[in-house]
Amino acid sequence: MSDPLRIDMKDLFAPEVETYIETQDYMRRDVGELQPQSLFARIVYSSWFYLSICCAIGALVSWAIVEPFFDDNAIHDKPNAATFLMFPTVAAGVGLFLGAAEGIMCRNAQRAVISGAVGLGVGFVGGIIALIPTGIVFATMRALAVSVWRDPQPGTMPTGFALLIFMMGRGAAWAIISIPAGLGQGIALREKKVIMNGVVGGVLGGLLGGILFDPISFVLTSADGQATYSRAVGFACIGLLVGLFVGLVEGWTKTAWLVMRKGPLAGKQFVLFKDTTTLGSSPKAEIYLFKDDAIEPRHAIIYNRGGRFELEDTNTPDGTYINGIPIKRQILQNGDQIVLGKTVLEFSLKESRT
């Protein structure tokens, strides 16, 4: 019978023991208890919030470009180029800021520039093309409004039920013109789901914003008939609602996403749209993780395998961890904590309804 193993206090606090414990803690990457997100972070990093702000700014920039060429007293008698370019310019401005917003929030200048440029081009060209159906719809609804207007007065807005029809016509026109404004980001990312989110969000936001355009005009048009500030508020409202609904539709349709629980963008949500999503320190990665020397340019990849999401480490020196355990390849479960370097991401999966 061998002698029992005896450990005294000197052995317990030996440097070798401390080193072993530190190594085990490092290998496990136990992040401990994470602090809950603040209300401020949840709001600021919500896509509906920053997309609505960015799109409102884009619409205001468009207003600042076209407004100097407007004269409300002469616009009906002698329309100029500004009259025809108003829709495409607003669509371009909203598309520019909508496309750039995600890159700006993720500190990814390359993505912001590329997606913003695509959004600008698609918004402007698509806005010009959309002038045809927009003109047909608005002219039809305006004629219908005039036909039911009991006491039409030249140069004045309809009243009563006729005004409601007129407002719906303007809303329908803005719904059409907002489609190209919402397309750019998805086209830049070559992702069908993002394109559909942009289309649906653009239609809903443009429709509601267009309906509000005339009530805003009633309040802000000056006594001499100039609607300078009315257009500024109206355009900003349309842009804000387009961005708001694009963000809301993204939230309604998402099935899986990551939330950064610890890192430079703590609170930011990353929706997993693609079949293959790269996480890394390269700006070309779908999820750009910066300011962390331990993260490789292509550190890990998430594969969507028919609704089952699998995380794979790309043989990185520092490794990838799920719930503190190093992995090479593993299926993700709802609530899993992913650790890459000093960054902690939490995986969420929407439950399917059967």
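Please read these numbers as outputs of a predicted model, since none were measured by experiment.

**Points about helix α7 (residues 160-189)**
Taking 1.5 Å as the rise per residue, α7 with 30 residues should run 44 Å; its terminal C-alpha atoms sit 45 Å apart, in good agreement. At Leu-183, α7 shows its maximal kink, close to 35°. Where α7 ends, the next residue or the one after it, Arg-190, has phi of about 55°, a positive value.

**Re the pattern of salt bridges**
Under the defined criterion, the tally for this structure stands at eight salt bridges. Between Arg-329 and Glu-310 there is a salt bridge, and its shortest N-O distance comes to 3.1 Å. Within this pair, whereas Arg-329 is found in strand β9 (residues 329-331), its partner Glu-310 is found in strand β6 (residues 308-313), the two being separated by 19 residues in sequence. Note on Glu-310: relative accessible area 11%, which makes it buried. As a salt-bridge pair, Arg-329 and Glu-312 come within 3.0 Å of each other at their nearest N and O atoms. In this pair, Arg-329 is assigned in strand β9 and Glu-312 in strand β6, connecting sequence segments 17 residues apart.

**Considering the pairing of strand β10 (residues 337-340)**
Regular strands place their side chains on alternate faces of the sheet. The alternating pattern of β10 places Gln-337 and Val-339 on one face and Ile-338 and Leu-340 on the opposite face, and all of these are buried. Here β10 runs beside strand β11 (residues 343-349); their pairing, made up of four bridges, is antiparallel. Bridge pairing in β11 places Gln-337 opposite Glu-346. The hairpin formed by β10 and β11 contains two residues between the paired strands, and Gly-341 there has a positive phi angle of roughly 60°.

**Quick look at the pairing of strand β1 (residues 256-262)**
Of all seven residues making up β1, five are buried, and the element is well covered by its neighbours. Both β1 and β11 contribute to a ladder of six bridges, which runs antiparallel. By the bridge assignment, Ala-256 is partnered in β11 with Leu-349. As paired strands, β1 and strand β2 (residues 269-271) are joined by three bridges and run antiparallel to one another. Counted as the bridge partner of Trp-257 is Val-271 from β2. Taking the residues between adjacent antiparallel strands as the criterion, β1 and β2 are bridged by six residues, where Gly-263 takes a positive phi near 145°.

**Side note on the environment of Val-146**
Summarising the element assignment, Val-146 is placed in helix α6 (residues 109-147). For the pair Val-146 and Leu-163, spaced 17 residues apart in the sequence, the C-alpha separation amounts to 9.0 Å.

**Considerations on the sheet that holds β6**
A sheet is described by the order of its strands in space; here five strands give the open sequence β4-β3-β5-β6-β9, paired in mixed fashion. A strand with exactly one partner marks an edge of an open sheet, and here the two such strands are β4 (287-288) and β9. The pairing of strand β3 (residues 276-280) with strand β5 (residues 300-305) spans four bridges and is classified as antiparallel. Note that in β5 the partner of Thr-276 across the bridge is Tyr-303.

**Some remarks on the packing of aromatic side chains**
Summed over the entire model, instances satisfying the criterion amount to eight aromatic pairs. Measuring from centroid to centroid gives 6.0 Å for Trp-48 and Phe-49, while their planes differ by 90°, and the two rings are edge-to-face. Among the aromatic side chains, those forming a connected cluster through ring pairs are Phe-87, Trp-174, Phe-213 and Phe-235. Sitting over the face of the ring of Phe-270, Lys-268 holds its NZ or CZ atom 4.8 Å from the ring centroid. Positioned over the ring face of Tyr-303 is Arg-305, at 4.7 Å from the centre of the ring.

Basis of the calculations
- Residues numbered from 1 in each chain as written.
- Predicted model: local features only at pLDDT ≥ 70, side-chain atom pairs only at ≥ 80, totals over all residues.
- Heavy atoms only, no water.
- Helix = DSSP H or I, 4+ residues; strand = E, 2+ residues; numbered from the N terminus.
- Expected span 1.5 Å × (residues − 1).
- Bend = angle between axes of the 7 residues up to and from the residue.
- Salt bridge = Lys/Arg side-chain N within 4 Å of Asp/Glu carboxyl O.
- Buried < 20%, exposed > 50% of the residue type's maximum accessible area, 1.4 Å probe, protein only.
- Pairing = 2+ DSSP bridges.
- Phe/Tyr/Trp six-rings, centres within 6.5 Å; stacked < 30°, edge-to-face > 60°.
- Lys NZ or Arg CZ within 6 Å of the ring centre and 35° of its normal.

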